[in-house]
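# Results of the structural survey
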Amino acid sequence: MAGIDSVEGFEPRFKRVKPPEEGERIKVVDGKLVVPDKPIVAYIEGDGIGPEIVAAARRVIDAAVEVAYGGRRRIVWWELYAGHKAMKIYGELLPEDTLNGIRYTLVALKGPLETPVGGGYRSLNVAIRQALDLYANIRPVYYLGQPAPHCYAEHDNFVIFRENTEDLYAGIEWPADSPEAKKLREFLKREFGIVLREDAGIGLKPISRFATHRIMRKALRWAIDHGNKIVTIMHKGNIMKYTEGAFREWAYEVALKEFRDYVVTEQELYEKYGGKLPEGKILVNDRIADNMLQQIITRPWDYEVIVTPNVNGDYISDEANALVGGIGMAAGMNAGDFMAVAEPVHGTAPKYAGKDLANPTAEILSGALLLEAMLGWKEAAQMIREAIKRAIKEKKVTQDLARHMKDVKPLRTSEYTEVLIQYLREMKP
Ligand code: NAI
């Protein structure tokens, strides 16, 4: 039901929503997305500040698309429900209609969702990712001139590909006092002579060749599409040899078997090319995780695309975003082979909900990521980033950024959105 099977030939049935009559469906033909000029794109408002920032993002995206393509292209938005709004309409937090809706549109923009405390889902976001097999968490890190703590911030321009389905975060774990943990401790002692403490909880870290291959493939395709020159495999293979070490090995396997014409390894770079990357080639190298966490601070110019298992990916993407000024700017997208849900890295920021104070930039940049990576509308995405850059330069920012700048009167979410739309209208396609 997940991945490609859910895409090709998928004819959904909906209970309470209906795809808009206007607009056309994005399709997969011969293993490629085919995007019409008026594609139907789903959106989920989400909880907390979600409705405000998703509304802002849709308006900014619409303006960018209109200016970039002179009215020839337009997104036809379709609302789907999750979280509190879904509870009101369906009596459940994540209705099947919503998952089917995304399977239908293939592309969705999502606001943050509150994780219900106790019972039900571990997290709605995780449930969506799992149901749709969105195995790649893609997090671009841009420096757009915002107040940033990093002295080399202008070099911070990375895209992190974090594997979403495996590793210690796959949720295979048991509390110390559970019968399962007891059984496992006994099994380990009996079969392998491994003695764990009686009060040890246990988590498992699966990493497969299959999942490694597909995330590496995605990272390399991104690098080819975006003209990146370096793809770095981040791993802790010196210690966890058969999980993180295997991730490294399998990632190289894909690079050298499937992308041989594009790829140069670090060894080849020095032995064959005298340390100078030939035109049109991509350097694929690898770095140990702890070193990598330092390197993006000390030598950010050496990194462009970073591909890594789940736990490392969590650490490095938050670190990278902190370097450029934090959460209000951090965009993300969860993608499968032909499906993607873009969402900001931050949560529902309940203290700002309904107050017109939240920074919508992360949501807007997530939308730009969809435009660029899924619809192939790169010009509109680039214009959005330019408009944000200009707003920051002219000190037209929301309170979270304004408080790190001198003598700046913060804008409300709605005022900031208007500024961006104005800047977009002043641009030439
Ligand atoms: P949070 O990201 O909502 O807030 C962390 C801090 O950043 C707070 O001080 C908040 O006010 C601020 N902040 C976040 N986004 C902002 C924005 N756009 N503009 C200005 N300030 C912003 O994280 P927290 O408090 O840990 O989680 C709140 C809820 O969000 C929880 O229910 C959590 O489960 C959920 N969450 C959902 C995510 C998602 O849907 N992808 C991701 C992270 C958390």
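## Some remarks on the site of the ligand
Contacts to the ligand come from 19 residues, most closely from Leu113, Thr115, Gly347, Ala349 and Asn359. The separation between an oxygen atom of the ligand and a polar main-chain atom of leucine 113 is 2.8 Å. Here an oxygen atom of the ligand sits 2.6 Å away from a polar atom, N or O, in the main chain of glycine 347. With the chains in place, 68% of the 810 Å² that the ligand exposes on its own is no longer accessible. Looking at side-chain class alone, the shell around the ligand contains nine nonpolar, six polar and four charged residues.

## Re the packing of aromatic side chains
By the definition in use, this model includes nine aromatic pairs. Taking 5.9 Å as the distance between ring centres and 80 degrees as the angle between the ring planes, the aromatic pair formed by tryptophan 78 and tyrosine 104 counts as edge-to-face. Residue tryptophan 78 is found in strand E4 (residues 76-80), and its partner tyrosine 104 is found in helix H3 (residues 96-105); the two are separated by 26 residues along the sequence. Of the residues examined, tryptophan 78 reaches a relative accessible area of 5% and is grouped as buried. Since its relative accessible area comes to 15%, tyrosine 104 is described here as buried. With a centroid separation of 5.9 Å and 85 degrees between ring planes, the pair formed by phenylalanine 187 and phenylalanine 192 is classed as edge-to-face. Looking at phenylalanine 187, the relative accessible area reads 36%, which means it is partly exposed. Three or more aromatic residues link up through ring pairs in this structure, and these residues are Phe14, Trp78 and Tyr104. Taking the ring centre of tyrosine 43 as reference, the NZ or CZ of arginine 58 above it sits at 4.0 Å.

## Considerations on the pattern of salt bridges
Enumeration over the complete set of coordinates arrives at 28 salt bridges. Aspartate 286 is the salt-bridge partner of arginine 248, the closest N and O atoms lying 2.9 Å from each other. You can see arginine 248 sitting in helix H7 (residues 244-258) and its partner aspartate 286 sitting in strand E12 (residues 282-288), a full 38 residues away along the chain. Residue classification places arginine 248 among the partly exposed positions, given a relative accessible area of 33%. On the basis of relative accessibility, which here comes to 16%, the residue aspartate 286 falls in the buried class.

Calculation rules
- Residues numbered from 1 in each chain as written.
- Predicted model: local features only at pLDDT ≥ 70, side-chain atom pairs only at ≥ 80, totals over all residues.
- Heavy atoms only, no water.
- Near = heavy atom within 4 Å.
- Polar contact = N/O pair within 3.5 Å; in protein donor to acceptor, adjacent residues only side chain to side chain.
- Areas by Shrake-Rupley, 256 points an atom, 1.4 Å probe, with all protein chains shown as cover.
- Nonpolar A, V, L, I, M, F, W, Y, C, P; charged D, E, K, R; others polar.
- Phe/Tyr/Trp six-rings, centres within 6.5 Å; stacked < 30°, edge-to-face > 60°.
- Helix = DSSP H or I, 4+ residues; strand = E, 2+ residues; numbered from the N terminus.
- Buried < 20%, exposed > 50% of the residue type's maximum accessible area, 1.4 Å probe, protein only.
- Lys NZ or Arg CZ within 6 Å of the ring centre and 35° of its normal.
- Salt bridge = Lys/Arg side-chain N within 4 Å of Asp/Glu carboxyl O.

Any link to function would need more than the numbers given here.
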